[in-house]
Amino acid sequence: PGFKTCSIIDFADVGKTPVEYQMRWQRKGDAVVEDLPFNLRAMVTGHVGSKCEVTEVLYSPEQDPNRLTMRVRGSKNAERIEL
């Protein structure tokens with residue numbers, strides 16, 4: 001029911017509340033930036049629980065800040081997701 005974000009791994013953005021997960025930030029030089037691999041893994045785990053496991057998140061913002069690969073186990077639709 002409703003629209004889904006990342007629906008390929010059943011990541012619902014409506015209907016499941018409350019959702020709790022940890023977020024992490026890191027210092028890079030003088031800036032503080034989001035630890036995107038950690039946060040994405042935590043968000044997906046928080047939303048899908050034990051239905052699916054994120055096994056790896058590959059992100060190299062220096063190489064391509066618009067590209068991320070996430071590997072999952074237990075999804076009905078995919079083992080690798082490119083964002």
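Structure: see above.
Residues numbered from 1 in each chain as written. Predicted model: local features only at pLDDT ≥ 70, side-chain atom pairs only at ≥ 80, totals over all residues. Heavy atoms only, no water.

**A look at the overall build of the protein chain**
- Counting secondary structure elements, the protein chain contains one helix and five strands.
- Across the protein chain, helices and strands are ordered from the amino to the carboxyl terminus as β-β-α-β-β-β.
- A buried classification covers 25% of the 83 residues belonging to the protein chain.
- As displayed, the protein chain offers around 5,900 Å² of accessible surface, 49% of which is attributable to carbon and sulfur atoms. (Helix = DSSP H or I, 4+ residues; strand = E, 2+ residues; numbered from the N terminus. Buried < 20%, exposed > 50% of the residue type's maximum accessible area, 1.4 Å probe, protein only. Areas by Shrake-Rupley, 256 points an atom, 1.4 Å probe, with all protein chains shown as cover.)

**Focus on the pattern of salt bridges**
- Throughout the structure, instances matching the rule amount to four salt bridges.
- With a shortest N-O distance of 2.8 Å, aspartate 35 and arginine 24 are connected by a salt bridge. Of this pair, aspartate 35 sits in the loop between strand E2 (31–34) and helix H1 (36–48) while arginine 24 is found in the segment before strand E1 (25–28), placing the two residues eleven residues apart along the sequence.
- A relative accessible area of 41% means that arginine 24 is categorised as partly exposed.
- Taking the shortest distance from any N to any O, the salt bridge between glutamate 56 and arginine 71 comes out at 3.0 Å. Here glutamate 56, found in strand E3 (residues 53–58), pairs with arginine 71, found in strand E4 (residues 69–73); they are 15 residues apart in sequence, far enough to count as distant. (Salt bridge = Lys/Arg side-chain N within 4 Å of Asp/Glu carboxyl O.)

**Some remarks on H1**
- For H1, spanning 13 residues, the distance from its first C-alpha to its last is 18 Å, which sits close to the expected 18 Å at 1.5 Å a residue.
- The complete set of buried residues in H1 reads Asn39, Leu40, Ala42, Met43, Val44, Gly46, His47 and Val48.
- Where H1 is buried, its residues touch E2, E3 and E4.
- Downstream of H1 by one or two residues, glycine 49 has phi in the positive range, about 60°. (Expected span 1.5 Å × (residues − 1). Contact = heavy atoms within 4.5 Å.)

**A look at the side chain of aspartate 35**
- Overall, aspartate 35 belongs to the buried group, its relative accessible area being 9%.
- Side chain to side chain, aspartate 35 and arginine 24 meet in a polar contact 2.8 Å long.
- In this structure, aspartate 35 is in contact with Arg24, Trp25 and Gln26, ignoring residues within four places of it in sequence. (Polar contact = N/O pair within 3.5 Å; in protein donor to acceptor, adjacent residues only side chain to side chain.)

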